[in-house]
Amino acid sequence: DAGITQSPRHKVTETGTPVTLRCHQTENHRYMYWYRQDPGHGLRLIHYSYGVKDTDKGEVSDGYSVSRSKTEDFLLTLESATSSQTSVYFCAISESRDSEAFFGQGTRLTVV
Amino acid sequence: SQQGEEDPQALSIQEGENATMNCSYKTSINNLQWYRQNSGRGLVHLILIRSNEREKHSGRLRVTLDTSKKSSSLLITASRAADTASYFCATYKAAGNKLTFGGGTRVLVKP
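Residues numbered from 1 in each chain as written. Chains lettered and ligands numbered in written order. Predicted model: local features only at pLDDT ≥ 70, side-chain atom pairs only at ≥ 80, totals over all residues. Heavy atoms only, no water.

Participant: What exactly am I supposed to notice about the interface of chain A and chain B here?
Facilitator: Interface size is commonly expressed as the accessible area that is lost once the parts come together. Taken together, the contacts link 21 residues of chain A with 23 residues of chain B. Both faces considered, chain A and chain B share a buried interface measuring about 1700 Å² in area, 46% of it formed by carbon and sulfur atoms. Inspection of the chain A/chain B interface yields one salt bridge. A salt bridge links B:R50 to A:D98, with the nearest nitrogen and oxygen atoms 3.8 Å apart. At the boundary of chain A with chain B, the tally comes to seven residue pairs in polar contact (both at pLDDT 80 or more). For the side of chain A that touches chain B, the secondary-structure elements that each account for two or more residues are β4 (31–38) and β5 (42–51) of chain A. Broken down by element, the side of chain A that touches chain B gets its largest block of residues, four residues, from β5(A). (Contact = heavy atoms within 4.5 Å. Buried area = accessible area lost by both parts, 1.4 Å probe. Salt bridge = Lys/Arg side-chain N within 4 Å of Asp/Glu carboxyl O. Polar contact = N/O pair within 3.5 Å; in protein donor to acceptor, adjacent residues only side chain to side chain. Helix = DSSP H or I, 4+ residues; strand = E, 2+ residues; numbered from the N terminus.)

Participant: In this structure, what is going on with the side chain of B:N31? I would like to understand it.
Facilitator: The residue B:N31 is located in strand β4 (residues 31–37) in this model. In this structure B:N31 comes out as buried when scored by relative accessible area, which is 0%. If we skip the residues at most four places from it in the chain, B:N31 touches A:D98, B:L48, B:I49, B:R50, B:S51, B:A90, B:T91 and B:Y92. (Buried < 20%, exposed > 50% of the residue type's maximum accessible area, 1.4 Å probe, protein only.)

Participant: Before we go on, may I ask you to explain the packing of aromatic side chains in this structure?
Facilitator: Any pair of aromatic rings gets described here by the distance separating the centres and the angle formed by the planes. Inspection of every chain in the model, using the stated rule, returns 10 aromatic pairs over all chains. For the pair A:Y35 and B:F101, a centre-to-centre distance of 5.3 Å together with 85° between the ring planes defines the contact as edge-to-face. Of this pair, A:Y35 sits in strand β4 while B:F101 sits in strand β10 (residues 98–101), which puts the two residues in different chains. Classification of A:Y35 as buried rests on a relative accessible area of 1%. In this structure B:F101 comes out as buried when scored by relative accessible area, which is 1%. When the ring of A:F103 is compared with that of B:Y35, the centres are 5.8 Å apart and the planes differ by 80°; the resulting orientation is edge-to-face. Placement of the pair is A:F103 in strand β10 (residues 102–103) and B:Y35 in strand β4, with the two residues belonging to separate chains. Since its relative accessible area comes to 0%, B:Y35 is described here as buried. By the ring-pair criterion, three or more aromatic residues cluster together here, those being A:Y33, A:Y35, A:Y48, A:Y50, A:F90, A:F103, B:Y35 and B:F101. (Phe/Tyr/Trp six-rings, centres within 6.5 Å; stacked < 30°, edge-to-face > 60°.)

Dropping the structure here:
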């Protein structure tokens, strides 16, 4: 597997609480992505980063924020978790914007 | 909305048979990629085919791309039980800088 680590791997949290997921890479890839995967929807892009402090929204960014203060770390924050954000979250990295993506193992988040 | 749509949604075959799945997309792309996901795991990249390419091979995998029909196919030859997984196509567009995934095809290879 490419050097991508997601933490935590599983989390249960209560509605209304903030939650931060971490993605750490050791590949020095420029691009990092956060996706969510839900039955019937495939993978949907939440946010992505094209460099330190450079981020942009994906197709389902409402309720999420991201930060990238170092090349190796990309954080996804659910500002106030809702039940609709129960999902499996995947981090991915790529060397260039049009190259293959390497995925982490995923974080299963349950909002109760 | 999803850019790529796989067909069929599910496929069940016997070990040794070939498996074919298709991906259709709506707008022009720069490249199309296929990924595999085993249950409970992350996605693994299989093949990337650029818009100016028509066919690529990798081991038992063959991918075609028809930009006039906005479609791609993934063929797995001589399937094995270990090929049981979900397969996703993803399209990349430079405009928008996004890799967009379809809903996937679930493949079951029976021994």
